[in-house]
Amino acid sequence: MSARFPLEELVSLPNFYLVTPSWQRDRVAFYWDKSGRIELYVMDLPDGTPRQISHGEVPRSLRTGFAWSRDGRTIVFGRDRDGDEMHDLFRIDFQSGGVTRLTDDGDTQHHILEFNPDDRWMAVLTATRSGRQLNLFLMRPDGSEVRQLTHFARPFEGGRWSPDGEWL
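Figured I'd write up the structure that's included with this text.

## Remarks on the overall build of the protein chain
Regarding its fold elements, the protein chain presents 1 helix and 12 strands. Reading the helices (α) and strands (β) of the protein chain from amino to carboxyl end gives α-β-β-β-β-β-β-β-β-β-β-β-β. Across the 168 residues of the protein chain, 43% fall into the buried class. For the protein chain, the exposed surface amounts to about 9700 Å²; the carbon and sulfur share of it is 49%. Within the protein chain, the 26 negative side-chain charges are centred at a point lying 1 Å from the centre of the 21 positive side-chain charges.

What follows is the structure in structure tokens.
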């Protein structure tokens, strides 16, 4: 005999999104809608209790991801403005809980890819700075010193650092 579950119970189950381990593999971060709103959580491995890190700062719907700093102290995430899909980047600090806006471009998309091995640069996909198509940029973790690396007419994909940080 098969068990039946009420539809209301099934659709009310919380969802986990973008489960991502830290570079040290000692913690995992994920978006979770446990409270009915998507928030960022971090859990120590192998058997820690999830800790809510964000408090309303992360996006309501997920169209872009997040990235751990290599030292495991911060996460950078993207958030759009009222569903316009023009994502700005924000950094959340685990010690202070503070959230810092890194970009503030109303007509530009920013998508964090990865921090380089010494945490001095971030690889970022950005559109409209380069003619409305996603291209690869470098950006300092404070949002400064933006450098365009690719100049393609079609959207660029990828952008991972080599283990020694020499190549992207």
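So that's the structure; there's more coming.
## Overview of the pairing of strand β10 (residues 122-127)
Burial analysis of β10 places 6 of its 6 residues in the buried class, the great majority of the element. The alternating pattern of β10 places M122, V124 and T126 on one face and A123, L125 and A127 on the opposite face, and all of these are buried. Pairing between strand β9 (residues 109-115) and β10: 6 bridges, direction antiparallel. Pairing of E114 across the sheet is with A123, part of β10.

## What to know about the side chain of S54
Tracing the backbone shows S54 in the loop between β4 (51-52) and β5 (66-68). What makes S54 buried here is its relative accessible area of 0%. Reaching out from S54, the side chain makes a polar contact with the side chain of E39 at a distance of 2.4 Å. A distance of 2.8 Å separates the side chain of S54 from the backbone nitrogen of L40, its partner in a polar contact. Apart from the residues lying within four places of it in its own chain, the contact partners of S54 are E39, L40 and I92.

## Considerations on the packing of aromatic side chains
Overall, the coordinates contain 9 aromatic pairs when judged by the stated rule. Centroid distance Y31 to F66: 5.2 Å. Interplanar angle 85°. Geometry classified as edge-to-face. Of this pair, Y31 sits in strand β2 (residues 27-32) while F66 sits in strand β5, and the two are 35 residues apart along the sequence. Pairing F152 with F156 gives two aromatic rings, centres 5.8 Å apart and planes at 10°, and the pair type is stacked. Assessed through its relative accessible area of 18%, F156 is described here as buried. Grouping aromatic residues by their ring pairs yields a cluster made of F16, F30, W32 and Y41.

## Description of the pattern of salt bridges
Under the counting rule described, the total for this entry stands at 10 salt bridges. A salt bridge links E145 to R140, with the shortest nitrogen-to-oxygen separation between them at 3.3 Å. Here E145 falls in the partly exposed class, since its relative accessible area comes to 39%. If you follow the salt bridges from partner to partner, you end up with R70, E114 and R160 in one network.

## Here's the deal with the pairing of strand β7 (residues 88-93)
Here strand β6 (residues 74-79) pairs with β7 via 6 bridges, running antiparallel. In the strand pairing of β7, V76 is matched with R91. Bridge count between β7 and strand β8 (residues 99-101): 3 bridges; the pairing is antiparallel. The residue bridging F90 from the neighbouring strand is R101, located in β8. The hairpin turn running from β7 into β8, its antiparallel successor, is 5 residues long, and G97 in that turn takes a positive phi close to 80°.

## As for the sheet that holds strand β1 (residues 16-21)
Taken in spatial order, the 4 strands make up an open sheet running β1-β2-β3-β4, and their pairing is antiparallel. Because the sheet does not close on itself, it has two edges, and the strands there are β1 and β4. Summarising the sheet, β1 and β2 pair through 4 bridges and their orientation is antiparallel. Along β2, the bridge assignment pairs T20 with A29.

About the cut-offs
Within any chain, residue numbers begin from 1 and follow the written order of that chain's sequence. Only residues with pLDDT of at least 70 get local features here, since the model is predicted, and only at 80 or more are side-chain atom pairs given and counted; chain-wide, interface and lining totals rely on the full set of residues. Water and hydrogen atoms were dropped before computing side-chain values, which therefore reflect all heavy atoms in the structure. Strands are runs of DSSP state E lasting at least 2 residues, helices are runs of H or I lasting at least 4, and numbering of each runs from the N terminus. For every residue, the accessible area (1.4 Å probe, protein chains only) is compared with the maximum for its type, and the residue is labelled buried under 20%, exposed over 50%, or partly exposed between those bounds. Areas reported as accessible are Shrake-Rupley estimates using a 1.4 Å probe. Residue values count occlusion only from the protein chains shown. Counted as positive: Lys and Arg. Counted as negative: Asp and Glu. His and the chain ends are not counted at all. For charged residues, the charge sits on one atom: NZ in Lys, CZ in Arg, CG in Asp, CD in Glu. Paired strands, as defined in this entry, are two strands with at least two bridges between them according to DSSP. For this analysis, a polar contact is any N or O atom pair within 3.5 Å, provided that within protein one partner can donate a hydrogen and the other can accept it, and provided that sequence-adjacent residues contribute only side-chain to side-chain pairs. Contact between two residues is taken to exist if any of their heavy atoms lie within 4.5 Å; hydrogens are not considered. Paired rings are identified among Phe, Tyr and Trp, the last through its six-membered ring, by centres lying within 6.5 Å, and are further divided according to the angle between planes into stacked (under 30 degrees), edge-to-face (over 60) and tilted (the rest). Criterion for a salt bridge: a side-chain nitrogen of Lys or Arg within 4 Å of a carboxyl oxygen of Asp or Glu.

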